[in-house]
Amino acid sequence: LDKNEAVLTVFLQVFNNHLGYFGNEPYIAQMERELEEDGMLQAFETAFEEIAKKPWKARRHKFNLERAKIIKALAKVQNCEIDQATATLDGYKKFSLSPDEFAQMVKRYLDSKEKNFRLNFFADEVGKFCEDNTERMFNLQTIAESFATICDSRAWIFVTSQQEVDAVVGTLNSNKKYDFSKIQGRFKNRLNLTSSNVDEVIHKRLLEKTEKGTKQLAPLYKQQKNNFLTLFNFSEGGRNFTTFKDEKYFVDIYPFLPFQLELYKASVEELSIHNAFQGLHQSVGERSMLSTFQNVVKSMADEAIGTIPSFDKIFDGLQPTMNGHIQSSILAAQKNIDDSFKIQLLKALFMVKYVKEFEPTLRHITSLMIDDYDVDLPALEKKVAVALENLEYQSYIQSNGNTYEYLTNKEQDVIR
């Protein structure tokens, strides 16, 4: 939807373009529509081409320059004087439309088709489009109501929103929430994308393997399937994340791990609540997952089969969308700490800081840092323990019993 246009105008343009009329200028499209209904459009196009020496569809976008020729063509097909044809064209310039009239227009088109013909309108990002604009909400609602009553359920409107409608409503004040609840009633059939739906999209759009790739990964699964629970063990409190269901799922999401998809979504939702992202309506979870994981895969293009991304790589993929203040502690650490592993550890801890279902124990954090199925787990755990101790000493993190937590700038000041 175009934020500079009225809702009905945009719907009309889409409808006109579907029919092949000049949808960008409603009054020219209306002239074409009425000529066609009267069986004169073909004759008009022929007359215009004889006068202009160029096809109508090639020149109609220059309707102001071609005004005199349009008038002559109208006069010829309507068998009237030039003055009358001029008045006809000027009358079209006063063209206006109400939702009911638009619905009637759509109905006439539907009636000209076979009995089971349906016409569907799709409006993307309707939550962002409406935001706190009551007039836009009511306009969209009125169009939907007109379609329902006039078009006999043969014309439908499908809308999408980055977030659930309830989440969009959460950004409005109480009066506008009431307004928005009215429009929700006109869109009763809701299909909320869950993480599992998005996993499928990631498989097909981002991680789909060739036949050769599948053959290379199958032996890796057979070799490592008994090690998954040992390597990625989250049994020390919090949520016990899922593991691979079978070989197909392993191949589908390689190089990622099931817990990374689940933990990512929880992490981004919580970070969004804490204003971590740029813009009021930063895409949360499902949609941003595609671009984030694509960035991670690109960064691993030259890695050998068997390499997996440690959880800090997810941070790197998400970083371009984050506000500077939320990651300032990591940016400072990158200048002051020479050890890249400690920076990686800090990024991973940042990602899980607000995730209540993740218990950041030494063992769990070690699982986040695994980057190869053939890792020496005891050695990695020891390396993580030393790095955590050093980061705590420098006040980048703090320990609470057997768990560790990333500290924001304000929290670091308190510790100091």
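In this report, the structure presented in the accompanying data block is examined. Just so you know, these numbers come straight off a predicted model, no measurement behind them. (Residues numbered from 1 in each chain as written. Predicted model: local features only at pLDDT ≥ 70, side-chain atom pairs only at ≥ 80, totals over all residues. Heavy atoms only, no water.)

### Points about the pattern of salt bridges
Here comes step 1: For the structure on display, the rule yields 16 salt bridges.
Here comes step 2: Between Lys 107 and Asp 111 there is a salt bridge whose closest N-O contact spans 2.9 Å. With a gap of 4 residues between them, Lys 107 and Asp 111 both fall in helix H7 (residues 99–111), about one helical turn apart.
Here comes step 3: Owing to a relative accessible area of 46%, Asp 111 belongs among the partly exposed residues under this scheme. (Salt bridge = Lys/Arg side-chain N within 4 Å of Asp/Glu carboxyl O. Helix = DSSP H or I, 4+ residues; strand = E, 2+ residues; numbered from the N terminus. Buried < 20%, exposed > 50% of the residue type's maximum accessible area, 1.4 Å probe, protein only.)

### Points about the packing of aromatic side chains
Here comes step 1: With the rule as written, the count across this model stands at 33 aromatic pairs.
Here comes step 2: Relative to Phe 228, the ring of Tyr 221 has its centre 6.0 Å away and its plane inclined at 45 degrees; by these criteria the two rings are tilted.
Here comes step 3: Using a relative accessible area of 11% as the deciding quantity, one classes Tyr 221 as buried.
Here comes step 4: Members of the aromatic cluster, connected to one another through ring pairs, are Tyr 221, Phe 228, Phe 232, Phe 234, Phe 241, Phe 244, Tyr 249, Phe 250, Tyr 254, Phe 259, Phe 358 and Tyr 373.
Here comes step 5: Note that Lys 113 overlies the ring of Phe 117, its terminal NZ or CZ placed 5.8 Å from the centroid.
Here comes step 6: Directly above the ring of Phe 341 sits Lys 383, whose terminal nitrogen or CZ lies 4.3 Å from the centroid. (Phe/Tyr/Trp six-rings, centres within 6.5 Å; stacked < 30°, edge-to-face > 60°. Lys NZ or Arg CZ within 6 Å of the ring centre and 35° of its normal.)

### Regarding the side chain of Glu 32
Here comes step 1: Locating Glu 32 in the fold gives a position in helix H2 (residues 26–37).
Here comes step 2: Sequence-distant contacts of Glu 32, defined by excluding residues within four places in its chain, comprise Tyr 21, Phe 22, Leu 41, Trp 56 and Arg 60. (Contact = heavy atoms within 4.5 Å.)

### Considering the environment of Ser 267
Here comes step 1: Relative to the helices and strands, Ser 267 resides in helix H16 (residues 258–273).
Here comes step 2: Taking relative accessible area as the criterion, Ser 267 reaches 1% and is therefore assigned buried.
Here comes step 3: Each C-alpha atom, one on Ser 267 and one on Tyr 354, is 6.9 Å from the other, the two residues being 87 residues apart in sequence.
Here comes step 4: Ignoring anything within four residues of it in the chain, the contact list for Ser 267 reads Met 351, Val 352 and Val 355.
Here comes step 5: A distance of 2.3 Å separates the side chain of Ser 267 from the backbone oxygen of Met 351, its partner in a polar contact. (Polar contact = N/O pair within 3.5 Å; in protein donor to acceptor, adjacent residues only side chain to side chain.)

### Examining a nonpolar patch on the surface
Here comes step 1: Where nonpolar side chains cluster on the molecular surface, the patch consists of Phe 122, Trp 156 and Phe 158 and spans about 350 Å² of accessible area.
Here comes step 2: Here Phe 122 is to be found in strand E1 (residues 119–123). (Patch = residues over 30% accessible without salt bridge, like charges linked within 9 Å, V, L, I, M, F, W, Y side chains within 5 Å. Areas by Shrake-Rupley, 256 points an atom, 1.4 Å probe, with all protein chains shown as cover.)

### Brief notes about the nonpolar core
Here comes step 1: Of all hydrophobic cores here, the largest spans 69 residues; its most connected members are Phe 232, Phe 250 and Tyr 373.
Here comes step 2: The element that contributes the greatest number of residues to this core is helix H20 (residues 340–351), accounting for 8 residues.
Here comes step 3: With sequence-adjacent residues up to four places away left out, Phe 232 is seen in contact with Leu 257, Phe 259, Ile 308, Ser 367, Ile 370 and Tyr 373.
Here comes step 4: By size, the runner-up hydrophobic cluster in this structure holds 27 residues, among which are Met 137, Ile 150, Cys 151 and Ile 157. (Core = buried A, V, L, I, M, F, W, Y, C linked by side-chain atoms within 4.5 Å.)

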